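# Architecture and fold: a report
One-letter residues, chain by chain:
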Amino acid sequence: MQHVLVTGGAGYIGSHACKALAQAGYVPVTFDNLVTGWQDAVKFGPFEKGDLLDRARLDAVFARYQPVAVMHFAALSQVGESMAEPGRYWRNNVTGSLNLIEAAVAAGCEQFVFSSTCATYGDQDNVVLDETSEQHPINAYGASKRAIEDILRDFEAAHGLRHVIFRYFNVAGADPDGEVGEFHQPETHLVPLMLDAIEGKRDALTIHGTDYDTPDGTCIRDYVHVCDLVDAHVLGLKWLEGGKGSRVFNLGTGSGFSVREVLDHSREVTNKSVPCVDGPRRPGDCTKLVSGSQRAEDDLGWRPQRSNLRQMITDAWRWHQNGHYDR
Ligand code: UDP
């Protein structure tokens, strides 16, 4: 059986990726420091607790499993926090990734799938963002991810490390079987916060900014279902295994929804109103991020199955009511 090293495999997207990899016949080895991940979410392969800043630990895990590829999800990923604590983001995301990339090269592992973000594009109002769009991140999170993309290009040129970079738009939803789902502590993402507010588990949702240059004044995002997203990662791995060259892919649907539109859909799905209040803008937020690319569909044969907003909120709501992790 072929092992794939999954950093951040105990997190939201990483745990779904482990399930998809196991279903595709690989053994996903989760490497996670459990700072934001949950050991309960590691269900589909072995678990190795460790930190990306610990190079010796990484070397030991590569030696033990000899993975055919790395899927790198582990990162700090909150835009607002990255503006307040940029040092943590640069150290954890960039230095940690550099350690991982160097460990992969040293171990002779030459296939690397990287979780990047549409935040690398920055604020480009009314521009369709495809993979050739310029990258001008406006927050430390996006800047740290763009730096890792640059590192990967240099390591391919010098050491032949082939990579697929996925730039995610907004990920939502949960495994329809309820085995894994989204659970951050603290939570900052719109969909889970909204569902918490509906259930009365927290105070009203604050809408971060109502004076943006959009039809209803709130930010617009392109939401993609986590299961579709991780399916693309398996296809990306197969792309590399097929001997194809390094490639960047956006993962979004091409449809944008404002914060108020997401709230409207939630009301319809749950039949409950969302308590919410208008608030100020959140530092680092872009006005509109919508993917304008067909590349993943054309090149990888990616066919999103569940990425309509109603389905995403339905799956997230089911997980929200039934699923949980213990620490
Ligand atoms: N948002 C909001 N209130 C919240 C959390 C998020 O209005 O409590 C907005 C946020 O400003 C952005 C959108 O919802 O426009 C999605 O934010 P999220 O944090 O889920 O993802 P991001 O776009 O930052 O990756």
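Let us look at the structure shown here. Residue positions are given per chain, counted from 1 along the sequence in the order it is written. Residues qualify for local features only when their pLDDT is at least 70, as the model is predicted, and side-chain atom pairs are given and counted only at 80 or more; totals for whole chains, interfaces and linings, by contrast, use all residues. Excluded from the side-chain calculation are hydrogens and water; included are all heavy atoms of the structure.

## Comments concerning helix H5 (residues 140–159)
This is how the line gets drawn: Under the scheme used here, helices are H or I runs from DSSP no shorter than 4 residues and strands are E runs no shorter than 2 residues, and both carry numbers assigned from the N terminus. Under the convention used throughout, the expected extent of a helix is 1.5 Å for every residue step, that is, one less than its residue count. Exposure categories follow from relative accessible area, calculated using a 1.4 Å probe and restricted to protein chains: below 20% of the type maximum is buried, above 50% is exposed, and the middle band is partly exposed. Contacts are assigned to residue pairs that have any heavy atoms within 4.5 Å of one another.
For H5, spanning 20 residues, the distance from its first C-alpha to its last is 28 Å, which sits close to the expected 28 Å at 1.5 Å a residue. Every buried residue of H5 is accounted for by Ala-140, Tyr-141, Gly-142, Ala-143, Ser-144, Lys-145, Ala-147, Ile-148, Glu-149, Ile-151, Leu-152 and Phe-155. Buried-residue contacts for H5 involve helix H3 (79–84), helix H4 (86–107), strand E5 (111–117) and strand E6 (162–168). Where H5 ends, the next residue or the one after it, Gly-160, has phi of about 75°, a positive value.

## A few points about the nonpolar core
Here is the rule: The nonpolar core is taken to be a set of buried Ala, Val, Leu, Ile, Met, Phe, Trp, Tyr and Cys residues, with the residues joined through side-chain atoms within 4.5 Å.
Val-4, Ile-13, Leu-21, Phe-166, Tyr-168, Val-171 and Leu-251 are the most contacted members of the largest nonpolar core, which totals 39 residues. Of all the elements in the fold, those that place two or more residues in this core are strand E1 (3–7), helix H1 (12–23), strand E4 (69–72), E6, helix H7 (226–241), strand E11 (247–251) and helix H9 (295–300). Examining the composition of this core, we find that nine residues originate from one element, H7, more than from any other. In contact with Phe-166, not counting residues within four places along its chain, are Val-113, Phe-114, Ser-115, Ser-116, Thr-117, Ala-232, His-233, Gly-236, Phe-249, Leu-251 and Leu-300. Of all hydrophobic cores here, the second largest spans 25 residues; its members include Cys-109, Ile-148, Leu-152 and Val-248.

## Considerations on the sheet that holds strand E14 (residues 288–289)
Rules: Two strands are counted as paired when DSSP detects at least two bridges linking them.
The sheet built from three strands is open, its strands ordered E12-E9-E14 with mixed pairing. Looking along the sheet, the strands with just one partner apiece sit at the ends: strand E12 (257–258) and E14. Of the pairings in the sheet, the one linking strand E9 (residues 220–221) to E14 comprises two bridges and is parallel in character. Counted as the bridge partner of Arg-221 is Leu-289 from E14.

## A word on the side chain of Asp-196
Put simply, the rule is: Residues adjacent in sequence count toward polar contacts only when both atoms are side-chain atoms; beyond that, a polar contact is any pair of N or O atoms within 3.5 Å, and within protein one must be able to donate a hydrogen and the other to accept it.
Residue position: Asp-196 is located in helix H6 (residues 190–199). For Asp-196, the side chain forms a polar contact with the side chain of His-320, separated by 2.6 Å.

## Considering the site of the ligand
The condition is simple: When we say a residue is near a molecule or strand, we mean one of its heavy atoms is within 4 Å of it. Accessible areas in this description were obtained via Shrake-Rupley with a 1.4 Å probe; residue shielding takes into account the shown protein chains only. For this scheme, ten residues count as nonpolar: Ala, Val, Leu, Ile, Met, Phe, Trp, Tyr, Cys and Pro. Four count as charged, namely Asp, Glu, Lys and Arg, and the remainder, Gly too, count as polar.
With respect to spatial proximity, 16 residues lie near the ligand, and among them Leu-190, Thr-206, His-208, Arg-221 and Asp-285 are the closest. A distance of 3.4 Å is found between an oxygen atom of the ligand and a backbone nitrogen or oxygen belonging to Thr-188. Thr-206 is positioned such that a nitrogen or oxygen atom in its backbone is 2.7 Å from a nitrogen atom of the ligand. Across the complex, the protein chains shield 90% of the 510 Å² of accessible surface that the ligand would expose by itself. No other element matches strand E8 (residues 205–208), which puts four residues into the shell around the ligand. When the residues that make up the shell around the ligand are grouped by side-chain class, the tally is eight nonpolar, five polar and three charged.

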